[in-house]
Amino acid sequence: LKWVESNTPEKTREQLEGWLPRQHWGEINVLWVGFGQESQQQKEKMLRKALACSSPVLALNLLMRIKFDVRKGAKKFGLEEEVEDVLKEEK
């Protein structure tokens, strides 16, 4: 999302802590860590969730914003038709 500039989880944490109020860190950290892990390790699950959600166009756009190659993932996981149908809606 380009909120920080870092190459390691530790540097990312430090930079986020620099601007996120400390009282919110516990709640937000769980969300960010889960999202980060899923986007890196469970790409098929994340793509299927995006397609099944109430706003799949927005969800796929978010995935593309974090550099997830949606079309490549769709091809790899046999979801090409579903992804193309959603992306057509956007136009």
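Before reading further, recall that the structure is shown in the block above.
This structure is a prediction, so every number in the text was calculated from the model and none was measured.

Q: I tried to follow the packing of aromatic side chains on my own but got confused; where do I start?
A: Describing an aromatic ring pair means giving the distance of the ring centres and the angle of the ring planes. Under the criterion given, the structure shown has four aromatic pairs. Taking 6.0 Å as the distance between ring centres and 90° as the angle between the ring planes, the aromatic pair formed by Trp3 and Trp19 counts as edge-to-face. One end of the pair, Trp3, is in the segment before helix 1 (9–19); the other, Trp19, is in helix 1, and 16 residues separate them in sequence. Since its relative accessible area comes to 46%, Trp3 is described here as partly exposed. Residue classification places Trp19 among the partly exposed positions, given a relative accessible area of 46%. Residues Trp19 and Trp32 carry aromatic rings whose centres are separated by 6.3 Å and whose planes lie at 55° to one another, so their mutual orientation is tilted. Here Trp19 is found in helix 1, whereas its partner Trp32 is found in helix 2 (residues 22–41), with 13 residues between them in sequence.

About the cut-offs
Residues numbered from 1 in each chain as written. Predicted model: local features only at pLDDT ≥ 70, side-chain atom pairs only at ≥ 80, totals over all residues. Heavy atoms only, no water. Phe/Tyr/Trp six-rings, centres within 6.5 Å; stacked < 30°, edge-to-face > 60°. Helix = DSSP H or I, 4+ residues; strand = E, 2+ residues; numbered from the N terminus. Buried < 20%, exposed > 50% of the residue type's maximum accessible area, 1.4 Å probe, protein only.

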